[in-house]
Amino acid sequence: MKTRLVHMKKDIKKDNLLSSGMSLIKKFSQMSEIERKELIQRAVEEKIRLQQELEDAKKIVAEKDKELSQLQKQLNNGLLMLEGEKEALAKDTTTYFPLYPERAYKEGSASQIHFRLAESQFYRLLTGDASATIRVLKVDYVVSPKVVKNFRQCQEKLKKTRGESFSYPILGFHGTDQKNIRPICENGFKAPGDKGFKHKTDSGWYGAGVYFSEFTKYSMAYISGCTEIMLCQILPGKVYMCSGLITGASLKDGYDSHMSPCKKEVVIFDTAAILPCYIIYFEQAVGEFSYTETILQLYKQAAVQKPSKIFKGTSFTLFGKMAATQAPLYTLLSNHGGKKGTKGKVDILITTADDINGTSKVILEAKKQNVPILKEEYLYQCIIQKKQLPLNDYKF
């Protein structure tokens, strides 16, 4: 019994010592030999624990990088084709495939993989407080046949002249005003010297080309307060490393692109070497994330707005499964001056991503009559912002 009490006292003393950490009242020189050994042991154990946490964190980062690398490889090889993408490539116009976060994991789902690739790249090099305060809401996957063709030709040319290793694209962000995003996606980028090109800021500190960054926040400085940013495939080829400012300079002989001294900016001179792939929509995060807060949240915000005349004289047809059934949606339109379209008279068709590429008579007839076919968000955003917004921003 006496021996047991002695052990209990030792255990209590050890627990007190270990729990006190560096807040011990005694100085090290005043400790007994046993106390010193116990403190050193505690320090060693803490060091081992922190080293293990660091190793675990490194493994997680390595796994994420590996996953992202595999996704980029699939993207580069054209293996991630969405349903309807093949048909979109055969058209003369640009198609936007809206992608949203999904809770269920669907193995092999191209739409999920594209969303996660864009989302991962967005967060991967997002530094500082922004990584915790910015949330990706939606991604538009962009398919522009003419731009894709020019990009693939440029890629093949690089492969022949520089070798295969120089023909692999990287993903780069480009920040610009919201009004410029869709024209760029549909017609490709313009470089200094091209008709209609305007400098956003200066004439190019590291050369007169188009600027990209792998760092999300770096490109955000150029979006003028909007909540959309472009993510593109770019072909840097052989890169000239700038050692200082070369404002407005042309491409260095023997190279395909320039890079800033800080390695955060890549300058592309041949616009065929740029393929707009994604438009990423984000917001300042408020509260916990929810998979149902996208369209449904917009609808709820619109539903509580005061009546207006925003859609006065405009007739709508609604088609597909939306945030609410058609009855309350048509009532919502009526509250804001809109009306239900008839067979012979409809100004705008509202539908969903699941229905736009289908063979429904409603969709086919609207296309035949050149009726604008818009995303559901158009209705809600117009009502929330209290004005009719540009139709082109909400086309598929």
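Residues numbered from 1 in each chain as written. Predicted model: local features only at pLDDT ≥ 70, side-chain atom pairs only at ≥ 80, totals over all residues. Heavy atoms only, no water.

Asker: A description of the nonpolar core should follow, citing residues and the corresponding values.
Answerer: Residues Phe122, Tyr278 and Ile280 are the most contacted members of the largest nonpolar core, which totals 52 residues. If one sorts the elements of this core by residue count, strand β9 (residues 274-284) sits on top with 8 residues. One finds Ala302, Leu329, Leu332 and Tyr394 within the second-largest nonpolar core, a separate group that totals 24 residues. (Core = buried A, V, L, I, M, F, W, Y, C linked by side-chain atoms within 4.5 Å. Buried < 20%, exposed > 50% of the residue type's maximum accessible area, 1.4 Å probe, protein only. Helix = DSSP H or I, 4+ residues; strand = E, 2+ residues; numbered from the N terminus.)

Asker: Let's hear about the pairing of strand β12 (residues 348-351): which residues, and what values?
Answerer: Judged by which residues are buried, β12 turns out to be covered on both faces: Ile348 and Ile350 on one side and Leu349 and Thr351 on the other are all buried. Note: strand β10 (residues 315-318) against β12, 3 bridges, orientation parallel. Each bridged residue has a counterpart across the sheet, and for Phe316 the counterpart in β12 is Ile348. Two strands pair when backbone bridges link them, and β12 and strand β13 (residues 373-375) are joined in this way by 3 bridges, in the parallel orientation. The partner of Ile350 across the bridge, within β13, is Leu374. (Pairing = 2+ DSSP bridges.)

Asker: How would you explain the sheet that holds strand β11 (residues 339-340) if you had to name every residue and give the values?
Answerer: With parallel pairing, 4 strands are arranged side by side in an open sheet as β11-β10-β12-β13. Each edge of the sheet is formed by a strand with only one pairing partner; in this case those strands are β11 and β13. Helix-sheet contacts for helix α10 (residues 326-335) involve β10 and β11, and the interaxial angle to β10 is about 165°. (Contact = heavy atoms within 4.5 Å. Axes fitted to C-alpha atoms, helices over the stretch in contact; angles between N-to-C directions.)

Asker: Can you explain helix α13 (residues 377-385)? Please cite residues and give values.
Answerer: Residues Glu377, Tyr378, Leu379, Tyr380, Cys382 and Ile383 constitute the buried set of α13. Tucked inside the fold, the buried residues of α13 contact β2 (134-143), α9 (295-303), β10, α10, β12 and β13. Once α13 ends, the next one or two residues include Lys386, with phi positive near 60°.

Asker: Report on the environment of Lys339, specifying residues and quantitative values.
Answerer: Topologically, Lys339 is positioned in strand β11. Along the backbone, Lys339 and Thr317 are 22 residues apart, and their C-alpha atoms lie at a distance of 8.8 Å. Not counting residues within four places of it along the chain, the set of residues in contact with Lys339 comprises Gly313, Thr314, Ser315 and Phe316.

Asker: Can you tell me about the packing of α9 against α10, naming the residues and giving the values?
Answerer: Geometrically, a packed helix pair is captured by the angle between its two axes and the distance between the axes. Put simply, α9 and α10 touch, their axes get as near as 11 Å, and they point 45° apart. Relative to α10, the element α9 is oriented oblique. α9 and α10 meet at a crossing whose hand is left-handed. Contacts from Tyr299, Ala302 and Ala303 of α9 reach α10 at Pro328, Leu329 and Leu332. Classifying every residue of the contact of α9 with α10 gives 6 nonpolar, no polar and no charged. (Parallel < 35°, antiparallel > 145°, perpendicular 65-115°, else oblique. Left-handed = near helix turned anticlockwise from the far one by under 90°. Nonpolar A, V, L, I, M, F, W, Y, C, P; charged D, E, K, R; others polar.)

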